[in-house]
Amino acid sequence: MKFSVVNLGCRSNYFDGELLAQKLTEKGYARAQEKADIYIINTCTVTSEADRSSRQFIYRAKRENPKAIVVATGCYAQTNPQALARLKEVDLVVGNSHKDRLVEILEDYLQGRGERVFVDNIFKDSQVKNFDLVVFFERVRPFLKVQEGCNNFCTFCVIPYARGKLRSVPMEKVLEQVKGLAERGFKEIVLTGTQLTQYGWDLNTNLYQLLLELLRIKDIELFRLSSLYPSEIDQKLLDLITQEERIAPHFHLSLQSGSNRILRLMERDYTVEDYTKLVETIVQRRPISAIGTDIIVGFPTETEEDFEETYKLVQNLPFAYLHVFSYSDRPYTKASKMFPKVEERVKKERVRLLKALDQKKREEFKGSMKEKTLRAIILEEGRALTENYIHLEDEDFRDVGAIVSVVL
């Protein structure tokens, strides 16, 4: 039988999807190039739009092959399994709590055994499962998931309910994996997780200690970090990421709002002033740093004044890019019970304004790097990515996987 895995949302889903594909291949299933017999839709639920997109891929799979088995898994399956089970296009619902057993569940179903819905309390999970396989490759860049889950419960965020509490991969396993990737010739590794800055809190260690050990592996030229939570960057970690040349000067620091009132309602545990100081310190110490951020517009009770504060802050800070999201109520969250809600037309206009500002920020950042010498990894012939996350195209980029010096 042929299968297809569709991964939606964050990197964690791509890791999980590749793990499932590998398990199915080992069992003798073949990955479909076109029409499949089994579709695994690895859903996302971070916003209502993500829910809608997940459903659309489910419908599309059944249209491609009405006789196919459609399995809904991932975060939407974990947080709202009954909504998916009610869809006539869905044959199996497997939450994140059972994702490691998905192949076994699928084979039982094929033999006419078992239930249709498999979901348990995700907070029971106490470890990252199947770590040895949790590497996702983006061309020549391995992404390594070093932790899962989050112990923060920001009032707008459903992810802890979908991914569970913090679980870190033991440091020796991370080091073993990175050494293996170095031996295979990879030059850049991206460290990622649901909440990377919480790495090791459950193992009596932390991200700072992990980085110190990783930096002993000399064959890796660049370690890139995924999203960092602002208030979880302590002084030692800040000093390391701003002094160590082998840590890429590319830092994604989720702001979410430029209004202190909204940040308190979100329970983000930092202020605009804290965030501003952090960004300014990083850029002062490493001037070529790319600072990216996430912004949510239309959080319940957000006024025009709140939005103006956000817009002005974003305008004034040296961001390289923005990811802009429109707020939507998520199950289990405190914010879903907060009123008044912001009208959809108002949210759309605020998103439009920030996305226009995003384009301006991207152009300004790239322009500020002109005539500077930067390191870049060649992703494929003709395309490269700089250490500070600028995509470049040039026919002279030929040594795929190598890190080269470029002058913008």
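Treat the numbers as computed from the prediction; the structure is a model and nothing was measured. (Residues numbered from 1 in each chain as written. Predicted model: local features only at pLDDT ≥ 70, side-chain atom pairs only at ≥ 80, totals over all residues. Heavy atoms only, no water.)

One face of the sheet, then the other: side chains in a regular strand alternate in exactly this way. The pairing of strand β7 (residues 135-138) with strand β8 (residues 141-148) spans 4 bridges and is antiparallel. Its bridge partner lying in β8, phenylalanine 137 is registered against proline 142. From the end of β7 to the start of β8, which pair antiparallel, there are 2 residues, and arginine 139 there has a positive phi angle of about 55 degrees. (Pairing = 2+ DSSP bridges. Helix = DSSP H or I, 4+ residues; strand = E, 2+ residues; numbered from the N terminus.)

Once that is clear, we can look at the environment of glutamate 213. One can find glutamate 213 in helix α8 (residues 207-214). The exposure class of glutamate 213 is partly exposed, given its relative accessible area of 26%. Placed 22 residues apart in sequence, glutamate 213 and glutamine 235 show a C-alpha to C-alpha distance of 18 Å. Here glutamate 213 is in contact with Met171 and Leu175, once residues within four sequence places are set aside. (Buried < 20%, exposed > 50% of the residue type's maximum accessible area, 1.4 Å probe, protein only. Contact = heavy atoms within 4.5 Å.)

A separate point is the sheet that holds strand β12 (residues 250-252). The sheet built from 3 strands is open, its strands ordered β12-β13-β14 with parallel pairing. One side of each edge strand has no neighbouring strand; the edge strands of this open sheet are β12 and β14 (321-326). Recorded for the sheet is a direction-independent mean angle of 15 degrees between the axes of neighbouring strands. Where strand β13 (residues 290-297) lies against β14, 6 bridges are found, and the strand directions are parallel. When the sheet's bridge partners are listed, aspartate 294 is paired in β14 with histidine 323. The sheet contacts of helix α11 (residues 272-285) involve β12 and β13, and relative to β13 the element is tilted by about 160 degrees. (Axes fitted to C-alpha atoms, helices over the stretch in contact; angles between N-to-C directions.)

Now for the packing of aromatic side chains. Describing an aromatic ring pair means giving the distance of the ring centres and the angle of the ring planes. With the rule as written, the count across this model stands at 10 aromatic pairs. Considering the side-chain rings of tyrosine 275 and phenylalanine 319, the 6.3 Å spacing of their centres and the 45 degrees angle between planes classify their relative orientation as tilted. Of the two residues, tyrosine 275 sits in helix α11 while phenylalanine 319 sits in the loop between α12 (304-316) and β14, which places them 44 residues apart along the sequence. By relative accessible area, which is 0% here, tyrosine 275 ends up buried. Phenylalanine 319 gets classed as buried once you look at its relative accessible area, which sits at 2%. Ring geometry for phenylalanine 307 against tyrosine 311: centres 6.2 Å apart, planes inclined by 50 degrees, an arrangement best described as tilted. With phenylalanine 307 and tyrosine 311 both in helix α12 and 4 residues apart, the pair spans about one turn of that helix. By relative accessible area, which is 1% here, phenylalanine 307 ends up buried. An aromatic cluster is built from Phe123, Phe153, Tyr161 and Tyr332, whose rings are joined through pairwise contacts. Positioned above the aromatic ring of phenylalanine 57 is the side chain of arginine 60, whose terminal nitrogen or guanidinium carbon lies 4.6 Å from the ring centre. Lysine 341 extends its terminal NZ or CZ atom over the ring of phenylalanine 339, reaching a point 4.7 Å from the ring centre. (Phe/Tyr/Trp six-rings, centres within 6.5 Å; stacked < 30°, edge-to-face > 60°. Lys NZ or Arg CZ within 6 Å of the ring centre and 35° of its normal.)

Quick look at the sheet that holds strand β3 (residues 38-43) now. Strands in a sheet are paired, the pairing made by backbone hydrogen bonds, and the direction either parallel or antiparallel. What the 6 strands build is an open sheet, ordered β2-β1-β3-β4-β5-β6; its pairing is parallel. The outermost strands of the open sheet, each flanked by one partner alone, are β2 (30-31) and β6 (117-118). In the sheet, β3 pairs with strand β4 (residues 69-74) via 6 bridges, with the strands oriented parallel. By the bridge assignment, tyrosine 39 is partnered in β4 with valine 70. With respect to the sheet, helix α5 (residues 102-110) is in contact with β3, β4, β5 (92-95) and β6, its orientation differing from that of β4 by roughly 155 degrees.

What follows concerns the layout of surface pockets. Empty space within the second largest pocket amounts to approximately 290 Å³. Along the wall of the second largest pocket there are 13 residues; nearest its centre are Ser48, Glu49, Phe325, Ser326 and Glu344. If you list the elements that add at least two residues to the lining of the second largest pocket, you get α2 (48-64), β14 and α13 (344-368). Broken down by element, the lining of the second largest pocket gets its largest block of residues, 5 residues, from α13. When grouped by side-chain class, the residues that make up the lining of the second largest pocket number 4 nonpolar, 4 polar and 5 charged. (1 Å grid on protein atoms, 1.4 Å probe; cavity = no way out; pocket = protein on both sides within 12 Å on 5 of 7 lines; lining within 4 Å. Points joined across faces, edges and corners; volume = space filled by probe spheres on them. Nonpolar A, V, L, I, M, F, W, Y, C, P; charged D, E, K, R; others polar.)

On to unusual backbone geometry. Between phenylalanine 339 and proline 340 the backbone carries a cis peptide bond, its omega angle lying at 5 degrees. With respect to the helices and strands, proline 340 occurs in the loop between β14 and α13. With a phi close to 55 degrees, aspartate 269 is a non-glycine residue in the positive phi region. Within the secondary structure, aspartate 269 sits in the loop between α10 (260-266) and α11. With a relative accessible area of 56%, aspartate 269 lands in the exposed category. For tyrosine 389, which is not glycine, the phi dihedral falls at a positive 70 degrees.

Function cannot be inferred from these measures alone, as they are strictly geometric.
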